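A look at the structure
One letter stands for each residue in the lines below.
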Amino acid sequence: MAPSDISAARRNFLRLLAASPLVSAIGLPAVLEALQQAKPLARKKVTPPVAVTPKDALITAASEAVDVMDFEAVARKNLLPAHWAYMATGVDEDATIKANHEGFSRYQLRMRPLVDFSKLDMSIQLFGRKWDTPIVLCPVAAQKGFHTEGEKGTAKAARAKGHLMCLSNQTSTSVEDVNAARGEPVWFQLYARPDFAGTTQIVKRAEAAGCPVLVWTVDLIGGSNRETLRRGEGPLGVRAPFCKECHEGRVVPMAQGLPIGGNIERGGGGVFTWDYIKRLRDITKMKLFVKGIQTGEDGELAIRNGLDGVWVSNHGGRAGESLRPTIDSLPEVAAAIGGRMPVIVDSGVRHGTDIFKALALGATAVGVGRPQVWSLAAFGQEGVEAMLDILRRELQMTMRQTGATSIDKITRASIIDRMRLG
Ligand SMILES: Cc1cc2nc3c(=O)[nH]c(=O)nc-3n(C[C@H](O)[C@H](O)[C@H](O)COP(=O)(O)O)c2cc1C
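We now turn to the structure provided with this report.

Before going further, it helps to spend a moment on the overall build of the protein chain. For the protein chain, the helix and strand inventory stands at 16 helices and 12 strands. Scored against the burial criterion, the 422 residues of the protein chain give a buried share of 48%. A fraction of 73% describes how many contacts in the protein chain between residues 6 or more apart in sequence connect residues 24 or more apart. Working note: accessible area of the protein chain is about 21100 Å², and carbon and sulfur atoms make up 55% of it.

Below you can see the structure in the form of structure tokens.
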């Protein structure tokens, strides 16, 4: 307390004392003596329930994470520098990663208290299947490079927490084993290969494993200049001798038996246009998404080419240095789709408020990429579960505060675009 506050408090106390009936009954000296002899009130020693952690201290258990970024530093400590660089990389100087993240701050929430949220419902429907929340685990390649549990750890977390998981076709665990760990077939992501026979083999294997949805990723077809990855790999990408064990001579599970061994091409080297949708349709009955849509024109083409859904994404800033955050691409794509098919969005989602804003701008569901890697690399399955819990809790709180008691009540009117003030 400041000295001026202390003397003001003292003056107030004396004024109260002078007006007290006790003083008129027994006299001021007797009251003062009684006060002096009185024992001070026993003070309870307050121990904070949890040690207050400085923002940059490393958490030591998944349960200590306050937000999803808390996993990032632990992942960095745990990972080989080259694996870290593979995860962290964007394109050129990584500015689209930053733009993705900052893009969300353009929108503000319109708070609506005094709404009964006792029956809050975060569920969504996708192709007749109900999901408890709109939070999706994006396809992320080579997860054994982040934790020995790999994709199985992520799948078990998705199962425990009831989330939709999309498996990368560059998975380090076979789709069959991931489905077994998930307890039901996951969605399957595809990088089309230059050889259609190879693509067909992968697609048919995913379908035979029961995967209900095929997500064709198209945003890397032109290639991506990943500077951070190249720097992390060391001069000219030379690997340490022990890296050979995983990187050389081994064929990733989904490429087994295919003419080109090793990693599946990421769609480079072939000629791919919208006509490819028909070719895929001819070899599978799975529902078909295209991942990497960023414009209204391509949203319209998605409708015209008979897709079942679009995934708005710039690959977490790994696909092109466009500097346009996906949260800014979303409205024009959603307008073109006009509610005729599901729209999933990802890139830069780190808080429940980000998910809420994406839903308000027309997304059906929202994906997370790097938070999945950070939490897996930090604590395996337990980490991914904790990460999902955090996002779910944050979204729930945001829905309560904005008076949106179900996902369909999250609308454009739930947020303000501060660039346009409306
Ligand atoms: C390490 C890593 C691997 C990825 N692998 C794939 C992949 O195999 N297929 C794919 O479609 N997207 C892949 N992505 C992109 C994610 O699916 C997603 O679009 C992106 O991570 C979302 O952005 P965020 O990381 O900011 O959440 C990968 C992303 C990361 C970080």
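What follows picks up the thread again.
Attention now goes to the pairing of strand β6 (residues 187-190). Of the two faces of β6, the one holding W187 and Q189 and the one holding F188 and L190 are both buried throughout. In terms of strand pairing, strand β5 (residues 164-167) meets β6 through 2 bridges, oriented parallel. Bridging across to β6, C166 finds its partner in W187. In this fold, the crossover linking β5 to β6 by way of helix α8 (residues 175-182) has right-handed handedness. Of the pairings in the sheet, the one linking β6 to strand β7 (residues 213-217) comprises 3 bridges and is parallel in character. Bridged to Q189 within β7 is V215. With respect to chirality, the unit in which β6 leads through helix α9 (residues 196-208) into the neighbouring parallel β7 is right-handed.

With that out of the way, let us pick up the side chain of H315. Inspection of the secondary structure assignment puts H315 in the loop between β9 (309-312) and α14 (326-337). For H315, the residues in contact, after removing those within four places along its chain, are Y191, T217, D219, L220, R226, K291 and S347.

Here we come to the site of the ligand. Not every one of the 24 residues close to the ligand is listed here, only the nearest: P139, S168, T217, D346 and R350. For the ligand, a nitrogen atom lies 3.1 Å from a polar atom in the side chain of Q189. Measuring from an oxygen atom of the ligand, one finds a backbone N or O atom of G348 at 2.8 Å. In isolation the ligand offers 600 Å² of accessible surface; the protein chains occlude 99% of this area. Taken atom by atom, the bulk of the ligand overlaps the largest cavity. Within the residue set of the shell around the ligand, elements represented by two or more residues are α5 (81-88) and α16 (370-401).

With that out of the way, let us pick up α16. The end-to-end C-alpha separation of α16 is 27 Å, well short of the 46 Å expected for 32 residues at 1.5 Å each. Its maximal kink placed at F379, α16 deviates by approximately 140 degrees. In terms of residue burial, α16 counts as a mostly covered element, since 23 of its 32 residues are buried. Where α16 terminates, the next one or two residues include G403, which has phi positive at roughly 70 degrees.

Thresholds applied
- Per chain, residue numbering runs from 1 following the sequence as it is written.
- Given that the model is predicted, a residue must reach a pLDDT of at least 70 before its local features are reported, and side-chain atom pairs must reach 80 or more before they are shown or counted; all residues, however, enter totals for whole chains, interfaces and linings.
- Hydrogens are left out, water is left out, and the side-chain values use all remaining heavy atoms of the structure.
- Elements are defined by DSSP. Helices are runs of H or I of four residues or more, strands are runs of E of two residues or more, and each kind is numbered from the N terminus.
- For every residue, the accessible area (1.4 Å probe, protein chains only) is compared with the maximum for its type, and the residue is labelled buried under 20%, exposed over 50%, or partly exposed between those bounds.
- Contact criterion: two residues are considered in contact whenever any of their non-hydrogen atoms come within 4.5 Å of each other.
- Methods summary: accessible areas were calculated by the Shrake-Rupley approach with a probe of 1.4 Å, and residue burial reflects only the protein chains presented.
- Following DSSP output, two strands are said to pair if at least two bridges run between them.
- Every crossover in which the path from the first strand over the helix to the second runs clockwise, viewed with the strands pointing away from the viewer, is termed right-handed.
- Any residue with a heavy atom positioned within 4 Å of a molecule or strand is treated as near that molecule or strand.
- Side-chain atoms alone can form a polar contact between residues adjacent in sequence; in general such a contact is a pair of N or O atoms within 3.5 Å, and within protein one must be able to donate a hydrogen while the other accepts it.
- A cavity, in this analysis, means grid points on a 1 Å lattice covering only the protein atoms where a 1.4 Å probe fits yet has no way out; a pocket is instead an open set bounded by protein on both sides within 12 Å along at least five of seven lines, and a residue lines either one if it has an atom within 4 Å of a point.
- Each molecule is assigned to a cavity or pocket provided more than half of its atoms lie within 2 Å of the corresponding grid points.
- Helix span, expected: 1.5 Å multiplied by one less than the number of residues in the helix.
- Here the bend at a residue means the angle between the axes of two seven-residue stretches, the one that ends at it and the one that starts at it.

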